[in-house]
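# Summary of structural features
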Amino acid sequence: MVIFSALDSLLNELLLHRPYLDFITSQSGTDKEKRRKEGIVDLSKYLDKPIRVKFQGGREATGILKGYDPLLNLVLDNTTEFLRDPDDPFKLTEDTRTLGLVVCRGTAVVVVCPMDGLESIPNPFIQHDG
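Notes on the structure in this doc start here. Note that the coordinates shown come from a computational prediction; the quantities given were computed from them, not determined experimentally.

Quick look at the environment of Asp42 now. With respect to the helices and strands, Asp42 occurs in the loop between helix H2 (18-35) and strand S1 (50-55). Judged by its relative accessible area of 48%, Asp42 is partly exposed. Expressed as a C-alpha distance, the spacing of Asp42 and Tyr68, which sit 26 residues apart in the sequence, is 9.4 Å. Within the structure, Asp42 has its side chain in polar contact with the side chain of Ser44 (distance 2.9 Å).

What follows is the structure, encoded as structure tokens:
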């Protein structure tokens, strides 16, 4: 009986402070919404369009963007990887490898760019002998 009376008095105490509890719970709901991180990169305009992705370590690939998440994990279809020169790991060759459907881990993604309007230009910082 002592336990029930203690629970009964606790319940009455909570009911007396119900407006305060409602205020606390309503505030915590808005705080959660404020704390939710918004995506920094909006790739929705590139869905179902070809993109080029550069990864840490020098790898590059092209494919059709099928999906992504806020952590920049990407799903690419019809993916083609550009192979690197065995002598210089930062130099790409003309050789490619077809990969198909690929999930790219967001922590490895360095650059995402659309293939439309992509144009290769010579490096302006290289000194030419002449």
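Next up on the list: the pattern of salt bridges. If the charged atoms of two oppositely charged side chains come close together, the side chains can form a pair. One pass over the structure, following the stated rule, counts 5 salt bridges. Between Glu60 and Arg52 there is a salt bridge, with its nearest N and O atoms 2.7 Å apart. By the burial criterion, Glu60 is buried, and Arg52 matches it. Residues Glu60 and Lys54 are paired through a salt bridge, measuring 3.8 Å at the closest nitrogen-oxygen approach. Judged by relative accessible area, Lys54 falls into the partly exposed class, the value being 35%. Through salt bridges with shared partners, a single network forms among Arg52, Lys54 and Glu60.

Conventions we followed
Residues numbered from 1 in each chain as written. Predicted model: local features only at pLDDT ≥ 70, side-chain atom pairs only at ≥ 80, totals over all residues. Heavy atoms only, no water. Helix = DSSP H or I, 4+ residues; strand = E, 2+ residues; numbered from the N terminus. Buried < 20%, exposed > 50% of the residue type's maximum accessible area, 1.4 Å probe, protein only. Polar contact = N/O pair within 3.5 Å; in protein donor to acceptor, adjacent residues only side chain to side chain. Salt bridge = Lys/Arg side-chain N within 4 Å of Asp/Glu carboxyl O.

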